[in-house]
Each structure stands twice: as structure tokens, then as C-alpha cells.
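Residue-level structural notes
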Amino acid sequence: MDYQKIIDEVYHRVKAGENLGELAHYIPELTHVDPESFAVHLTSVTGEEYGLGSYQTRFSLQSISKVLTVSLAYKILGEKLWERLGVEPSGTAFNSLSQLEVDKGIPRNPFINAGALVICDILILHLKNPKEDFLSFCRSINNNQQLNYSEKVANSEKLVGYRNIALCNFIKSFGNIINEPEEVLDFYYHICSLEMNCQELSQTFLYLANDDFRSYDNDEILNMSQAKRINAIMQTCGFYDESGEFAFRVGLPGKSGVGGGIIAIHPNKYCIAVWSPRLNEKGNSYRGMKFLEWFTTETKLSIF
Ligand code: DON
């Protein structure tokens, strides 16, 4: 498969089209990026790399980080993890409060903000130094010591985090947040502010594509069954109320973030990261979605 040729062709086709949508204005610091940035990077399970555009420019992972936090929590707790949150698509926006009332504070899945806050609460209970330990976990996957949070982005979100404050307090009222909301929110804003470029992102997520993946220090990040399950949740919940659309058009497990990034996994073949900061009305990258739809169409490779 000539991945580079297909990436080149699809990238230019997408770039020649419209670039619709808005930056994530509700987090002021996220507006300080070039809205025309456009990057793609693919890493295959056999280690080949292909990319185009600004794939060495770091950006804010935002909700993409939630795949890493739930992976670490799953590694620590095993199946007990699912006592505190579900694995069902919500069909609602990422920051919705509406289902928590009927579901009595049990979030539908780990990728909506409510679920990610519960995962942060769990990690705070199990890690000695949550921020440092989570960062070490991310760095250890590919021995990438350059990875870091953006204090600017974390603080920017903290100043305007009214929705997340409401979510965290609401869940706590049902007893499904153990720590103080302030601590949970501070950790949450930090994990969302983690930065990577598309190359680092496609390398980091190989543990979900490759059954034999071992991190730099020879650790298994997740076992096969756990990796299968995280992929399944990405497939069904990775794009919130646009998850069905992404499955229909792209046909791969994936996860988006309001920084404009998307990671998609083709199990046993590759991880592909796309970054383009303009977001559609569901909060997913406009060009990222288009690129991946055409990329999977042109490669004619599918998990289905
Ligand atoms: O909590 C928030 O609103 C952001 N830190 C993350 C949201 C996000 O990335 C949703 N994904 N498309």
C-alpha cells in the first residue's frame, strides 16, 4: 500500500476545498493557533512513517487525552473500572449534563466530559502525584520525554470552566466523585492541555493498533482484550453525537479533541493522526473528518 501517495493526494484535495467551522473560542488560549494549520501523520504497526503538512507542530490534545487517561485507569483497576461509568454512546454533546440526572451520576462513557471527570477522580485516588504520574505514563509509551502540559491552556480553561464545574459538582452530589471537585477539575484541565504533534500522536497510540506492542521499558500498556474494548468505545463514543457519522463515513475507531486533532486506529495496520483546528458544530475537526473519510475510501482498507 502506497500510503504516502494516498496521503498526498487526499491532503491536497481537502486543502483545495472549503475550510469551514470555528476554533474552540470557549477556551480563549485555543484561539492562538493558525486556523489554516493542516497536518497528517501515519505510523504503521511495522514502524513505517508517512506524513504531510505541519506534522511536527504540537497542538492541544484536549479530549484525545481521555483515551490515555481511561487506558491508565483500566490498566490499574481492570474490570472494576466499569462500576463507576458506562460504555454506552451518549448521543449528546461532550459537555452535556442532561443524562446524569436520570443515570444518577453514572456517566454513559469515559469520553464525554462527565466520564472523563470520573476517570480523573479514579486516577487521583490511585496515583501518588496524579499530574506527574500521568505525564510519566504518556512519556513512557514511546520514551518521548518532550511531552508536556500547557499551563497556559490549562489555566485558560480553568478561568471559564463553568460547565465542567457544574458537571463535577453534580456527579459529586450523587457520590460518584470522591475527591474535592477543585482537585479533580485541576487535574482534568491539565490532562486536556497535553500537547503532541501528529507524528507523536500516531506513534503514541500504537498500543491500540498493535497486539504485540511493548512500551520503551517493555511494559504492556493494555492486554489484547482491554485494547479491543478501548477501540470499541472509540468506535461507538469517540465523536459524541457524531460517532455514528464518523463510523459511517470513516469506519475506524477514533477520538477527536477541540484542539482540532483526530486520532484513528486501524487495528493491526496503523494509527493516523490529523490536525486542522477549525471545528464543525459538533466540536470535531472539519477538515480532519473529511481527510479521514477520503483516506479510508482511497485505501480501500476497512475493519468491516
Ligand atoms: O472540557 C472541555 O470542554 C475540553 N477540555 C475538552 C472537550 C473536547 O475536546 C471535546 N472534543 N471534541
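So, a few notes on the structure that sits alongside this text.

This part is about the pattern of salt bridges. Side-chain pairs of opposite charge can arise where the charged atoms are in close proximity. Here the structure, examined in full by the defined rule, presents 16 salt bridges. Salt-bridge contacts for R287 lead to E36; the nearest nitrogen and oxygen are separated by 3.9 Å. Taken together, the residues span a long stretch of sequence, with R287 in helix α12 (residues 286-299) and E36 in the loop between α1 (3-16) and β1 (39-44) at a distance of 251 residues. Among the charged side chains, a network of salt bridges with common partners joins E9, R13 and E298.

Read from one edge to the other, the open sheet built from 5 strands follows the order β2-β1-β7-β6-β5, with strand pairing classed as antiparallel. Two strands bound the open sheet, and with one partner strand each, they are β2 (49-53) and β5 (254-256). For this sheet the average axis-to-axis angle between neighbouring strands, irrespective of direction, equals 10°. Here β5 runs beside strand β6 (residues 261-266); their pairing, made up of 3 bridges, is antiparallel. Bridging across to β6, K255 finds its partner in I263. The sheet contacts of α1 involve β1, β2 and β7 (270-275), and relative to β2 the element is tilted by about 20°.

Moving on, we come to the site of the ligand. For the ligand, the set of nearby residues contains 15 residues, the closest of which are Y26, Q62, S63, E157 and Y188. At a separation of 3.0 Å, an oxygen atom of the ligand approaches a polar side-chain atom of N113. In isolation the ligand has 350 Å² of accessible area, and contact with the protein removes 99% of it. Tallied by class, the residues present in the shell around the ligand amount to 6 nonpolar, 8 polar and 1 charged.

Conventions used here
Residues numbered from 1 in each chain as written. Predicted model: local features only at pLDDT ≥ 70, side-chain atom pairs only at ≥ 80, totals over all residues. Heavy atoms only, no water. Salt bridge = Lys/Arg side-chain N within 4 Å of Asp/Glu carboxyl O. Helix = DSSP H or I, 4+ residues; strand = E, 2+ residues; numbered from the N terminus. Pairing = 2+ DSSP bridges. Axes fitted to C-alpha atoms, helices over the stretch in contact; angles between N-to-C directions. Contact = heavy atoms within 4.5 Å. Near = heavy atom within 4 Å. Polar contact = N/O pair within 3.5 Å; in protein donor to acceptor, adjacent residues only side chain to side chain. Areas by Shrake-Rupley, 256 points an atom, 1.4 Å probe, with all protein chains shown as cover. Nonpolar A, V, L, I, M, F, W, Y, C, P; charged D, E, K, R; others polar.

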